[in-house]
Amino acid sequence: MSDVPMNERTAGQTLVQRFSNPTRFMAWSGRLLPFLSLLTVGVIGFGLYVGLVVAPPDYQQGETVRIMFVHVPAAWLAMFTYLTVVISSIGFLVWRHPLADVSAKAAVPLGAAFTFLALVTGSLWGRPMWGTYWVWDARLTSVLVLFFLYLGLMALRNALEDELLAGKLTAVLAIVGSVILPVIKFSVDWWSTLHQPASVIRMDGPTLHASMLWPLLVMAVGFSLFFFTLHLVAMRNEVMRRRLLTLQRGRARVGRSDTAATIVEG
Amino acid sequence: MTAFLAVLRRDIALGLREGGALGTALGFYLVVIAILPLGLGPDLDLLQRISGGVLWIGLLLSSLLSIDRLFAHDLEDGSLDVLMSGALPLELIVAAKAIAHFLVFGLPLVLFAPLLGLMLNFPLPAAGVLVGTMAIGAPAVSFIGAIGAALTLPVGRGGLLLALLMLPFFIPILIFGVATLNASLGGPGSAATPALILTALMLGALVLAPFAAAFALRVQFRG
Amino acid sequence: MADEGAPIVSALAVSGLSCHRGGHAVLENVTFRVAAGDVVLLIGPNGVGKTTLLRAIAGLLRLSGGEITLEWRDAVSDPPPTRAFMHVFGPQNALKPTLTVRENLQFWQRFLGEEADAEAIAAALDAFRLDDLADLPVSVLSTGQRRRAGLARLIAVARPLWLLDEPNHGLDAASRRSLGDAVRAHANAGGMALIATHSEIDAGPVRRLQLGVEATDNALGDGVDARAGMLA
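Looking only at helices and strands, one finds seven helices and zero strands in chain A. With 266 residues in all, chain A has 36% of them scored as buried. In chain A, of all internal contacts separated by at least 6 residues, the share reaching a separation of at least 24 is 75%.

Okay, the overall build of chain C next. From N to C terminus, chain C includes five helices and nine strands. Listed by position from the N terminus, the elements making up chain C come as β-β-β-α-β-β-α-α-α-β-α-β-β-β. The proportion of buried residues among the 232 residues of chain C is 43%. In chain C, 71% of the contacts between residues at least 6 apart in sequence involve partners at least 24 apart.

The next subject is the interface of chain B and chain A. Taken together, the contacts link 19 residues of chain B with 21 residues of chain A. Sorting the residues of the side of chain B that touches chain A by element identifies helix 7 (127–151), helix 8 (159–166), helix 9 (171–184) and helix 10 (192–221) of chain B as the ones contributing at least two each. No other element matches the five residues that helix 10 of chain B contributes to the side of chain B that touches chain A. A class-by-class count of the residues in the side of chain B that touches chain A yields 17 nonpolar, two polar and no charged.

What follows is about helix 2 (residues 22–54) of chain A. Of all the bends in helix 2 of chain A, the largest measures some 35° and sits at A:Leu33, one to four residues before the proline A:Pro34. Along helix 2 of chain A, the residues classified as buried are A:Pro22, A:Phe25, A:Thr40, A:Ile44, A:Gly47 and A:Gly51.

Each partner contributes residues to the interface: chain C has 25 residues there, and chain B has 21 residues. When contributions to the side of chain C that touches chain B are tallied by element, the ones reaching two or more residues are strand 5 (86–89) and helix 2 (101–113) of chain C. If you tally residues by element for the side of chain C that touches chain B, the top one is helix 2 of chain C, at five residues. Looking at the side of chain C that touches chain B residue by residue, the classes come out as 14 nonpolar, five polar and six charged.

Let us look at the sheet that holds strand 2 (residues 24–35) of chain C. Residues and elements named next belong to chain C. Ordered by their spatial adjacency, three strands build an open sheet running 2-1-4, and the pairing between neighbours is antiparallel. The open sheet has two edge strands, strand 2 and strand 4 (65–72), and neither has a second partner. Neighbour to neighbour, the strand axes of the sheet diverge by 10° on average, direction disregarded. Strand direction decides the pairing type here: strand 1 (residues 9–21) and strand 2, joined by eight bridges, are antiparallel. Across the sheet, Ala13 pairs through a bridge with Arg33, a residue of strand 2.

Rules used throughout
Residues numbered from 1 in each chain as written. Chains lettered and ligands numbered in written order. Predicted model: local features only at pLDDT ≥ 70, side-chain atom pairs only at ≥ 80, totals over all residues. Helix = DSSP H or I, 4+ residues; strand = E, 2+ residues; numbered from the N terminus. Buried ≥ 20, exposed ≤ 12 C-beta atoms within 10 Å, placed from the backbone. Contact = placed C-beta atoms within 7 Å. Nonpolar A, V, L, I, M, F, W, Y, C, P; charged D, E, K, R; others polar. Bend = angle between axes of the 7 residues up to and from the residue. Pairing = 2+ DSSP bridges. Axes fitted to C-alpha atoms, helices over the stretch in contact; angles between N-to-C directions.

Structure follows, in structure tokens:
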């Protein structure tokens, strides 16, 4: 082995360590959070303004099309959050880094909330469009299944008392889910003929008119920032909760002292 | 191979001797199907139209109900420790147990389905197709259910949790199982396509599920 | 011994073994060696990590450090997995209540030894005075009888290293003697036994491995220092 790759590897490790060491994480996330929060409020505020006021009503759907500016970003974030959960789960199972479990645990309720928001807004949008609050449209059904998956992840974690074990098994479930999810999506698509073709991301370019597309993208950025902010807050809460738990356990274990290294290992 | 067959034979023997569990599963299937007309009304046309899907859903539920203890008995009596310290890979232990579950629970439930179909005015000549498609889908239910049994093992009585976790994963099997059935009963489309997809799903579950379940078990013991 | 082709184990070497559970060390830097013919009693108060040590050696727990190796009498180029040379016997008996004692033993023979061996089963039944109970389902046996039926697996399937966790639990005096005899015979035949126990086992000469926890008042907070010392 030559020196060069060794150096590269050490550099990589320190970079990862810088961000993932719990104490450092608390420090940088604490500094970042105020700016991130302000930016989120700003972008979402601007997005709502351009979406609800500036953008023209749809010539077919009228004002109801504006639900899209909440519905579509919520649906994107529902999927993006699941990706975050899966990546965190892999990180936890492979590198056993406690912060990865913290990330997965913090992301799941957020993902469930985004999925729920997508379902509710979709249902409200469906009322004027389809004349009913719920149709078994393929897209809606797939999102519903994603919601079930989030519920399952939360239920499994809740059911297990041993937090380390809960983290690992939830991670396994999340990964298994990520394998099965495309199969479910395929089945539901096959099953449903009511389904609308995708209209934003297509090989031949978006069919959505630009006057509606750019407010939508602003909202998507805003929702992503919203997710990052809430995720950081939830992760910080979880780290602090685990620290408290470790302190309490240390108090309970008379005559023993804990080192800083065991803090987030729960 | 001896070890694999030993686990398979033992689990079949246990399942047959502890006949109560199979009786419960069959009874549950019967009650679920019998209660439907009481809620929907005795309209024979309606019942016939939904009979295929209802029989499939009943099969999924009763099969799941019987799988939550797949590893729990071996954990409680210490057998799992010894099983894991043998030479047979855990994946194959899981596979043997899932096959045994299919043979002891899945197959009787599948064979029971046409009888229950009589209560729903299910066309009797189609019983062969019903049993055939279910026999393709049921092993997948046992194998995917094994993942749930492994994940909920530390929970104790995790039956309800298992259903919450695993039922969404059965959606593809349900969709293509019922589609095959309906297509061969004269519905639109050819029955061959969904039947082939159903078979592919089953084979995929047979190959992949033991790895997932064994991983979930290993995580609990070896961390 | 079950298969003559298998390499013969001359010792179990545990070096620097550490095990963490729930974020704190249960075992730290445990080192000892068990040679062929040795019977080692693991002693120490509750919670000191005896069960953890046995499970770690059996490969049922993840180690956070250290090594567990088997040493062979002859040079082995491609050592088989260590778990193929161990018997794990824990607080439960690993028996199925609806199967008879004989069926249980036959299952473990097929699963662990890959062949059914009626002679070995007869020897196992004899060693634990189970001849009259062999064809009864385990569910009708008393606690002590079940314990013996569970222990019979050790003899029905030949493996050089026995890892026994409180094997005396639930046994009467006569059954304890049977267990002691079985362990002694195993050791005399060149086997090894590592036994976690609070009571004595009359298995002839035994060594004792004390697992002790020493709390150190280290100002730097290095935490606990668990060490193992061979007393005899």
